[in-house]
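Listed below, chain by chain, are the residues.
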Amino acid sequence: MSDSLRDQLQTSLGAAYIIERELDGGGMSRVFVAEETRFHRRVVIKVLSPELAAGLSAERFEREIALAAGLQQANVVPVITAGEVGGLPWYTMPYVDGESLRARLAGDSSAPIPTGEAVHVLRDVAKALAYAHARGIVHRDIKPENVLLSGGTAVVTDFGIAKALAASKTHAPGGTLTSIGMSLGTPAYMAPEQVVGDDVDHRADVYAWGVMAYEMLAGRHPFAGKTGAQQLIAAHIAEIPAPLDARRLGVPDALACLVMRCLEKQAVQRPASATELLASLDDVRTGEQNAVLRGSPRTRLVAAVAVGLVILGGAAALVARVRTDRPADAPTIAVLPFENHGPAEHALFAEGLTDAVTGKLVGVSGLTVIERGSVTAYRATTKTHSEIGAELGVAYLLKGVVRWAQDGAGQWRAQVTPTLVRTRDGVAQWAGDPVIVTPTDPFTAQAEIAARVVSAIGVTIGARERASLAKAPTKNAEAYELYVRARTLFRDPARRVAGSADMVEAARLLERATQIDPSFAVAFALLARVEYELTVTDPTATRRYESALRSALALDPELAEAHFARAEYLWFRVSRFTESAAAFARASTLKPGDAEFLSQYAAVQVVTGETSGGFADFERTIVLDPRDPTANSRVAFFCWHFRRFDDAARHAERMLAIARDDWAGHGFLVQIALARGDTAAARIALTNAERGTGHGNANAGLFWMLPLSLTGSRDPSAGGIQIPALTAGTDSLLHYTVLGAWARETGQRDRARPWFDSALAVARAPRYALASRRIHMSGLAGLQAIALAGTGRVAEARRAIAIADSIERTTALPNEPNIAAAQDYLAYALLLLGDRDAAIAKLERLLALPSGRTPAMLRTMWPYASLRGDARFQRLAEAGR
């Protein structure tokens, strides 16, 4: 743009305007301040750059600007008039006497803006967006430079310009509507769909609003470490910013959750409208008035779970109300396995008593109780109380010794001696008198011990909790013994296998227990969960599941275990996700200290789009179950899936600290290194895994991502990385499919066919049946498509691909891991079928989803080696470099 533009503009304007000066920072236009002589008012004149003006019809642009001039709202800076100078369109707006939000952010060394001030500004911007969106106008370039602060009000400039540009674009060579949208937008604030050139709607503005809100509240851009447009664009597409409340403490959870929802990669997962933003900000303002409820980290965690759970309706409010009852500084306690000083056949009683006392204490809102899975490792431990307390993060330990004696009639009686130990100094704060347990009443001891502990710690409880402590699950000792035996089978991961003899035995024990005592509600609930497991291999189990669940809920409508049993079935068997989510919320609300319930509820929140609350609850499960590698594995997986690689690595390291030979922990570290493009770190992690575990225990999914570049050859054995051996009894569709694909890609096609055939044979098992359209079948359909394509069954492979695509189209779960995994598998299946373009389209979809995959991984993943010369694939794989 020439230096004579100002003179040309002044000549074009004539006496109507007198240009005073030029403003800096116009971006893709030059900006002048002028006086409108007729009304003696100042205006801003913006002249479009040649890049934006190329291929525009100035006449049509002026007509479209007239429509933008119709926007008249207190938070919108309106367009006044428009014209053309030297072939460059221009338009005028009122001059706002104040500073831009960008200047406000920079004026305090980029420190976060006070929350109250930020909410006020964000509310004004949301008002402007809601007004414009209702009239069909999307801004496309919301950023701090376009928000002006004047007289305590925030106003937004340049509304309607994107619409005017798009409408006035001609078919000049090189001009497209996509290029207009890209050139107008600012990479630091573009929604993912905008940066890839897809059609955008008002939710692109919602995303930009979220980026701006994050920057105001955290004092830094969500992708502050990125430099240059390409890195920012790649981050918008593939990276998940750190949670806002991790960047700045004290941000109201409702606000933090709202901002993180706005930053979701998929438009459908964001708030549906600017009107919803305003409604959510109203909740923030209301929440701030209740400083007592908001003051503690525990309460902030609760709010993060409750805010925005649209899918749960009224359940969200219930969650917030119940969970805020547990104060942030609630005493923490672990119940160590009670010692059985008696005949070995009575060990089950000691174990059952430990569980029962733990269950009683979990129901006390003023206590945080460690999950049994993290405590059982301390059975017969030689560690000191202080060491155990440090490892579990608890202030108190409850110990118990069970001694046995026979009365004159030969009946065994138990004498239980409980002790409460303070971990900071190992002092026994309370040593209770022995509690006698008779054969006909094993329940009084549970209630009495739990009540004494609560009293000794000094926790205040209400009438409802006091009644819950005293309530016996059943009045029949024989029924209770059967229940404890069944629960022991059910809680053992090695025995809790669908269709196993152990699950059949557990069902038999519970059937007998409920026949002895038809009022035994918790036994009916456990029976429902056992029958749910059996439905995988026994269709008749569905009827028994439904009967047991009806009985449990009829006996106790507020039984958390029954609501959890209902939620499991609704989610995993019949795909009624909305009802299931509400049931998971209800179970977690009724029993907030249960790590299993909370973990599943966290996963449900995350896959249904409530990521902020879900990850907060995931972290809470680790507090409740700190020594369980499975709990850390689940959190690590979801962190990896959402590209929260630092958090994923932290939990993987925790897994390995607990169990150094845990292949999954090493596997996560390999995947994280590959995601970051750090092949050296991946090689180290793989070497550590080989030393600790051997390939026989490998997760086949890791080998799917293991790049051949680590071996330095297309022969995996050349670098010491062998095709993983299968352990006895392996019948995994994933294992067989990956082995077949690996053999095929390394030139061993004679070995590939048997592996693929084995995969298809396993796929005929009921749990892999494709007749169901449940969401978790999409990834399985993708694996079958690979095996079918690899064995030349082209038509069947395409049917499997169509099934997976259909599942994705009909799902209501935007963050479901299997949907992302399916894109990976389907891409490779399509490559085997020779359809490169469709394969690359699947990979583009993969990077747009929460998946744990990054462009760096595509550059090294062996299934896509054949694509490395494709220009479209290269652009995808090189994004962010």
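Residues numbered from 1 in each chain as written. Predicted model: local features only at pLDDT ≥ 70, side-chain atom pairs only at ≥ 80, totals over all residues. Heavy atoms only, no water.

Participant: What should I look at first to understand the overall build of the chain in this one?
Facilitator: Helices and strands together make up the secondary structure of the chain, namely 42 helices and 15 strands. Sorting the 881 residues of the chain into buried and exposed places 55% on the buried side. When contacts within the chain are restricted to residue pairs at least 6 apart in sequence, long-range pairs at least 24 apart make up 64% of them. Here the chain has roughly 34700 Å² of accessible surface; of this, 51% comes from carbon and sulfur atoms. (Helix = DSSP H or I, 4+ residues; strand = E, 2+ residues; numbered from the N terminus. Buried < 20%, exposed > 50% of the residue type's maximum accessible area, 1.4 Å probe, protein only. Contact = heavy atoms within 4.5 Å. Areas by Shrake-Rupley, 256 points an atom, 1.4 Å probe, with all protein chains shown as cover.)

Participant: So what exactly am I meant to see when it comes to the nonpolar core here?
Facilitator: Inside soluble globular proteins, nonpolar side chains tend to come together where they are buried. Counting 100 residues, the largest nonpolar core has F618, F638, L843, L858, Y864 and F873 as the members making the most contacts within it. In terms of residues, this core owes the most to one element, helix α39 (residues 817-832), which gives 12 residues. Core analysis: the next-biggest nonpolar cluster, separate from the first, contains 57 residues, L122, V147, A213 and L258 among them. (Core = buried A, V, L, I, M, F, W, Y, C linked by side-chain atoms within 4.5 Å.)

Participant: Is there a simple way to explain the pattern of salt bridges in this structure?
Facilitator: Opposite charge on two side chains lets them pair, provided their charged atoms get close. Scanning the model with the defined rule gives 42 salt bridges in all. Two residues, R495 and D492, come together in a salt bridge whose shortest N-O distance is 3.8 Å. R495 sits in the partly exposed class, given a relative accessible area of 34%. Its relative accessible area of 27% is what places D492 among the partly exposed residues. Connected through salt bridges with shared partners, the residues E351, D355, R372, R487 and R491 form a single ionic network. (Salt bridge = Lys/Arg side-chain N within 4 Å of Asp/Glu carboxyl O.)

Participant: Where do I start with the packing of aromatic side chains in this structure?
Facilitator: To describe a pair of aromatic rings, one takes the distance between the centres and the angle between the planes. Tallied over the full model, the rule gives 13 aromatic pairs. A ring pair is formed by Y483 and F520, whose centres lie 5.3 Å apart and whose planes are at 55°; its orientation type is tilted. Placement of Y483 in helix α22 (residues 477-491) and of F520 in the loop between α23 (501-516) and α24 (521-534) is noted, with a sequence separation of 37 residues between them. Residue classification places Y483 among the buried positions, given a relative accessible area of 8%. Exposure remark for F520: the relative accessible area of 0% places this residue in the buried category. An angle of 35° between the planes, with centres 6.2 Å apart, marks the rings of F637 and W640 as tilted. Within this pair, F637 and its partner W640 are both found in helix α30 (residues 629-641), separated by three residues, close to a single helical turn. F637 gets classed as partly exposed once you look at its relative accessible area, which sits at 28%. In textbook terms, an aromatic cluster arises when at least three aromatic residues are bridged by ring pairs, as seen for F615, F618, F637, F638, W640 and F642. Its end group placed over the ring of F615, R644 keeps NZ or CZ at 3.8 Å from the ring centre. (Phe/Tyr/Trp six-rings, centres within 6.5 Å; stacked < 30°, edge-to-face > 60°. Lys NZ or Arg CZ within 6 Å of the ring centre and 35° of its normal.)

Participant: So what exactly am I meant to see when it comes to the side chain of T358 here?
Facilitator: Examined against the element boundaries, T358 turns out to sit in helix α17 (residues 347-362). Those residues within four positions of T358 in sequence are excluded, and the remaining contacts are V335, V369 and I370.

Participant: Help me understand empty space enclosed by the protein, please; the structure alone is not making it clear to me.
Facilitator: Over the atoms, a rolled probe matching the size of one water molecule traces out where space is still vacant. Under the criterion given, the structure shown has three cavities of 30 Å³ or more. The volume enclosed by the largest cavity comes to roughly 110 Å³. Lining the largest cavity are 13 residues, and of these P337, T354, D355, R372 and T376 lie nearest its centre. Broken down by element, the residue count for the lining of the largest cavity peaks at four residues, all from α17. For the lining of the largest cavity, the residue count by class is six nonpolar, three polar and four charged. Put simply, the second largest cavity is a space of about 90 Å³. (1 Å grid on protein atoms, 1.4 Å probe; cavity = no way out; pocket = protein on both sides within 12 Å on 5 of 7 lines; lining within 4 Å. Points joined across faces, edges and corners; volume = space filled by probe spheres on them. Nonpolar A, V, L, I, M, F, W, Y, C, P; charged D, E, K, R; others polar.)

Participant: Help me understand helix α10 (residues 229-238) in this model?
Facilitator: Because the α-helix completes a turn every 3.6 residues, residues three or four places apart line up on one side. Taken across its 10 residues, α10 has seven buried, putting it largely inside the fold. Of the residues making up α10, those classed as buried are L232, I233, A234, A235, H236, I237 and A238.

Participant: How should I be thinking about unusual backbone geometry in this particular structure?
Facilitator: The phi torsion of most residues other than glycine is negative, and most of the peptide bonds are trans. The backbone of R140 shows a phi angle near 80°, a positive value even though the residue is not glycine. Along the chain, the position of R140 falls in the loop between α5 (115-134) and β7 (147-150). The phi angle at R643 is positive, at roughly 60°, despite the residue not being glycine. Mapping R643 onto the fold places it in the loop between α30 and α31 (645-658). The class for R643 is buried, based on a relative accessible area of 4%.

Participant: Whenever I open this one, the sheet that holds β7 confuses me. Can you help?
Facilitator: Backbone hydrogen bonds hold the strands of a sheet together, and the pairing may be parallel or antiparallel. The strand order across the open sheet formed by three strands is β6-β7-β8, and the pairing between neighbours is antiparallel. At either margin of the open sheet sits one strand with a lone partner, and together these are β6 (99-100) and β8 (153-156). The sheet contacts of α5 involve β7 and β8, and relative to β8 the element is tilted by about 35°. (Pairing = 2+ DSSP bridges. Axes fitted to C-alpha atoms, helices over the stretch in contact; angles between N-to-C directions.)

Participant: Which parts of the structure should I look at to understand the confidence of the model for the chain?
Facilitator: For residues with low pLDDT, the predicted coordinates do not support detailed interpretation. Residues of the chain with pLDDT of at least 70 account for 83%, and the chain-wide mean is 80. Below a pLDDT of 50 lies the segment residues 171-183, which in the model reaches 20 contacts outside its immediate sequence neighbourhood of four places, other chains included. Predicted confidence is poor over residues 285-328, with pLDDT under 50, and the contacts of this stretch with residues over four places away or in other chains come to 85 contacts. (pLDDT = per-residue confidence, 0-100.)

Participant: What am I meant to see in the sheet that holds strand β1 (residues 17-23) here?
Facilitator: Strand order in the open sheet formed by five strands is β1-β2-β3-β5-β4, with antiparallel pairing between adjacent strands. Every other strand in the sheet has two partners, leaving β1 and β4 (81-85) as the edge strands with one partner each. Mean inter-strand twist for the sheet, computed between neighbouring axes without regard to direction, equals 30°. In terms of strand pairing, β1 meets strand β2 (residues 29-36) through six bridges, oriented antiparallel. Within β2, the residue paired with I18 across the bridge is E35. Against the sheet, helix α1 (residues 5-13) touches β1, β2, β3 (41-48), β4 and β5 (88-94), its axis set at about 155° to β1.

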